[in-house]
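Here is how the chains run, residue by residue.
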Amino acid sequence: LLCAVHPVHVESVAWITERKNVLSALFYLLAFLAYLDYDRSGRRRFYALALVAFLAAMLSKTVAASFPFALLMALLWQKKGLERGDLMKLVPFLVLAVTMPLITVQMEGSMVATVRADFDFSWFQRFSIAGRALLFYPLKILVPYPLTFNYPRWDMDAGILALGWPIVLALAVAVAVSALWRRGH
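Residues numbered from 1 in each chain as written. Predicted model: local features only at pLDDT ≥ 70, side-chain atom pairs only at ≥ 80, totals over all residues. Heavy atoms only, no water.

A. Inspection of unusual backbone geometry at higher detail. Here Tyr145 and Pro146 are connected by a cis peptide whose omega angle stands at -15 degrees. Among the secondary structure elements, Pro146 is positioned in the loop between helix H8 (123–142) and helix H9 (160–182). (Helix = DSSP H or I, 4+ residues; strand = E, 2+ residues; numbered from the N terminus.)

Shown next, in the form of structure tokens:
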């Protein structure tokens, strides 16, 4: 319902070409719920369902690769600590989260020809893009103004200060959240 009415996500339900967002979200959330059910009950069928649903989410859109990390954070929050066995159960999810995007990059590079100078960024620039995205998209969801079909690309040729502030701000938010979590909030 939110995707149908929120101006930032309306294309996910309005355009058939964006069906991947809805499918990926559906399978991602199904995998999440199934894994939490497995963690509570110990029933292996929930673990298998979580793994299959995660694979379906990854086949829909590889941005679902965040799943093992989001699940790890949720388990840490619920259990206040994890054992080695808990971490080992996440390994198949992590393998899929690493392998599937590599396959996507390979396919896009050879079949779709998207790998070109437009995507040739240094590691520092990639971290800057990630930091900006972590700040930009939640803000757009909260305050969807101004809306455009395609937002202009960020200037990746700017100086180190212009590229570094999103990384520093994202790390500061992560440290603050971590400190609050450790205090029980």
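B. Main features of the packing of aromatic side chains. Per the counting criterion, the structure on display carries 13 aromatic pairs. Centroid distance Tyr35 to Tyr47: 6.0 Å. Interplanar angle 55 degrees. Geometry classified as tilted. In this pair, Tyr35 is assigned in helix H3 (residues 19–41) and Tyr47 in helix H4 (residues 44–60), connecting sequence segments 12 residues apart. Residue Tyr35 shares its accessibility class with Tyr47, and that shared class is buried. Ring plane angle 85 degrees and centroid distance 5.6 Å describe the contact between Tyr47 and Phe93, whose orientation is recorded as edge-to-face. In this pair, Tyr47 is assigned in helix H4 and Phe93 in helix H7 (residues 91–112), connecting sequence segments 46 residues apart. Given a relative accessible area of 0%, Phe93 falls into the buried group. One aromatic cluster in this structure is built from Tyr28, Phe32, Tyr35, Tyr38, Tyr47, Phe54, Phe67 and Phe93. The ring of Phe46 is capped by Arg45, whose NZ or CZ atom sits 5.6 Å from the centre of that ring. (Phe/Tyr/Trp six-rings, centres within 6.5 Å; stacked < 30°, edge-to-face > 60°. Buried < 20%, exposed > 50% of the residue type's maximum accessible area, 1.4 Å probe, protein only. Lys NZ or Arg CZ within 6 Å of the ring centre and 35° of its normal.)

C. Fine view of the environment of Val10. Relative to the helices and strands, Val10 is located in the loop between helix H1 (2–5) and helix H2 (11–14). Classification of Val10 by relative accessible area gives partly exposed; the value is 33%. C-alpha separation for the pair Val10 and Ala25, spaced 15 residues apart in sequence, amounts to 14 Å.

D. Looking closely at H9. Compared with the 33 Å implied by 1.5 Å per residue over 23 residues, the 32 Å span of H9 between its first and last C-alpha is a close match. What H9 keeps buried is the set Leu163, Gly164, Pro166, Ile167 and Ala170. Packing partners of the buried residues in H9 comprise H8. Of the residues trailing H9, Gly184 is marked for its positive phi of about 90 degrees. (Expected span 1.5 Å × (residues − 1). Contact = heavy atoms within 4.5 Å.)

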